[in-house]
Number of protein chains: 2
Amino acid sequence: MSREEMDAIAKGRLVGIAREWYEQMRDGIVPFVRLPTRTKQNIEYDDESEVWKYGDKESTRAATTEKSAVHLLKMAYVIGFLKQQLVENRSSTLRELYYISEGWRRAKFSAQDESNLLVEDLEIITDVQREAFHLRPEEDGASIFGPLRIRETTRRGVREMHCQEDVGEAGYPIPNNVDTLDFVDHDAKFVIAIETGGMYARLMENGFDEEYGAILVHLKGQPARSTRRVLRRLNDSLDLPVVVFTDGDPWSYRIYASVAYGSIKSAHMSELLATPQAQFVGVQP
Amino acid sequence: MSREEMDAIAKGRLVGIAREWYEQMRDGIVPFVRLPTRTKQNIEYDDESEVWKYGDKESTRAATTEKSAVHLLKMAYVIGFLKQQLVENRSSTLRELYYISEGWRRAKFSAQDESNLLVEDLEIITDVQREAFHLRPEEDGASIFGPLRIRETTRRGVREMHCQEDVGEAGYPIPNNVDTLDFVDHDAKFVIAIETGGMYARLMENGFDEEYGAILVHLKGQPARSTRRVLRRLNDSLDLPVVVFTDGDPWSYRIYASVAYGSIKSAHMSELLATPQAQFVGVQP
């Protein structure tokens, strides 16, 4: 799908939410949105895809209380902001969105967590990822180093890079939107996802990637979406095993789980983000 | 200077500290180290270099109290660790050093801030940067995007990259040790150092670098040493003006100050890290 088509779909679906409110009001219904309940109680393991997804429980947010009405007001402001951004072919960060809301009076968010959550709600309702809204996190993803040649479609044209021969010691930095990435070819036997920068650099230093045919992926602690998406795609499309190499403490297991099973906050995208075949290096429960 | 020569100097100076303690004890003197006092009260503006440096006040740490003796013990352990690392041609992160100290019984650090501070003390005493100890921060520096061709000497050989044509949308990631970087050529009129990832991406998106001949450098908030070092070198060796583009709040001015004047913690390296000619975009006091 081209960028223009994707933009049109994203805009259409966002505006569709507001249109539905309009129709609800016209029909004498108090406007509302309906969403899967996004809590631990409503997370279910899906046998087929082998990842955790939202279950059947739904929550309805209707403008029958002041609190819910303000919530829909905030959503309306965000929809308006994103629509304008798509029209002008601009992009912004989740952080900027939060700061911009400072000027929205009653629709102002109290913290960035709140606006992030609302953006995820919009992803669920529209079935479109926030990248298609031209929204990205403040930081990009982590880095790749190993026997892999990638092709990235950038705003300045197509760039082809080998992740050992064409990069510096910091490796190839994973862009925010990895849908622009293609894997051209590789000479790898497996992918090793590494929790800390120290170990990532150490394995590079020791030539582990060359000796064992390993693609090193730095997770940078709890991995960003783009990093998880790359791991899933390396596993899926290149059929490469993924192992997760951590510090081995309880927090590490949580990092592994977010790679292998997904997370509650992004359970609507588990099939895109999680790599159920990923293996943990170390003692498992 | 070659890497091997640098390693030899670093090792020699580190071991020299321990040798001095040995000689002090042999001569019946309680062992001690002497350092410039690293507080705001001992920071002075140096007219010639136009940066802030440590003044004349010195602090002596002698093993006459238990506290100071333990401090020297910790220093001895760190020296031993770094020496071994240089002998084995390995590297590690500041974070790893702190965790490794967990096994040093009484020489264990209580927090990473403490071990970081001690490493800076060693930099001051040896007059060698921690990069020469093969110590680096957990995270690398930020990114560059613009009309600049760089040459990086990596462990895998020399890599030449143009920071617009040979990089993806995330830009060229600044490596931890920027002494391995050479600027080959450029087509720029100035350097713009940008506080937030959002603005960095926006300027890239709008083609600001092409239209105005600007090298975009993402500061990632409070800039890492490697980022400040790159800015200084772009200013010094390419004679390019540096402007600092921030959010414009009081915290931003602090970020600007660390680029232009240096910081108290790294005042021993201000001449390498600070860019006195850097200009602030916005209203100045």
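These numbers were taken from a predicted model, which means no experiment stands behind them.

Residue and element names in this part refer to chain B. Roughly 1,000 Å³ of internal volume is contained in the second largest pocket. In terms of lining residues, the second largest pocket is bounded by 34 residues, among which Q222, P223, R228, S263 and K265 are the most central. When residues of the lining of the second largest pocket are traced back to their parent elements, those giving at least two are α4 (112-126), α7 (225-237) and α8 (250-260). In terms of residue class, the lining of the second largest pocket is made up of 14 nonpolar, nine polar and eleven charged. Both domains that furnish three or more residues to the lining of the second largest pocket are identified here as domain 1 (3-136) and domain 2 (143-280).

Residues and elements named next belong to chain A. The strand order β9-β8-β11 describes an open sheet built from three strands, whose pairing is antiparallel. Taken across any chain shown, the strands that pair with only one partner, and hence form the sheet edges, are β9 (157-162) and β11 (181-186). Here the average twist between neighbouring strands, direction ignored, is 20°. As defined by bridge partners, strand β8 (residues 148-154) adjoins β11 across five bridges and the pair is classed as antiparallel. Following the sheet pairing, E152 is matched in β11 by L181. Along the sheet, helix α7 (residues 225-237) makes contact with β8 and β11, crossing β11 at roughly 45°.

Residue and element names in this part refer to chain A. Split into domains, chain A comes out as domain 1 (3-136) and domain 2 (143-280). Its C-alpha centre places domain 1 at a distance of 29 Å from the equivalent point of domain 2. Listed by partner, the interface residues are 19 residues for domain 1 and 19 residues for domain 2. Carbon and sulfur atoms supply 52% of the area buried between domain 1 and domain 2, which totals about 1,700 Å² over both sides. Here domain 1 and domain 2 share three salt bridges between them. Between R225 and E123 there is a salt bridge, with its nearest N and O atoms 2.7 Å apart. Across the domain 1-domain 2 interface, the total number found is nine residue pairs in polar contact (both at pLDDT 80 or more). For the side of domain 1 that touches domain 2, the elements supplying multiple residues, two or more each, are β3 (51-54) and α4 (112-126). Take the side of domain 1 that touches domain 2: its biggest share by element is four residues, from β3. Here the residues of the side of domain 1 that touches domain 2 are counted per class, giving five nonpolar, four polar and ten charged.

Analysis parameters
- Residues numbered from 1 in each chain as written.
- Chains lettered and ligands numbered in written order.
- Predicted model: local features only at pLDDT ≥ 70, side-chain atom pairs only at ≥ 80, totals over all residues.
- Heavy atoms only, no water.
- 1 Å grid on protein atoms, 1.4 Å probe; cavity = no way out; pocket = protein on both sides within 12 Å on 5 of 7 lines; lining within 4 Å.
- Points joined across faces, edges and corners; volume = space filled by probe spheres on them.
- Helix = DSSP H or I, 4+ residues; strand = E, 2+ residues; numbered from the N terminus.
- Nonpolar A, V, L, I, M, F, W, Y, C, P; charged D, E, K, R; others polar.
- Domains from an automatic or database assignment.
- Pairing = 2+ DSSP bridges.
- Axes fitted to C-alpha atoms, helices over the stretch in contact; angles between N-to-C directions.
- Contact = heavy atoms within 4.5 Å.
- Buried area = accessible area lost by both parts, 1.4 Å probe.
- Salt bridge = Lys/Arg side-chain N within 4 Å of Asp/Glu carboxyl O.
- Polar contact = N/O pair within 3.5 Å; in protein donor to acceptor, adjacent residues only side chain to side chain.

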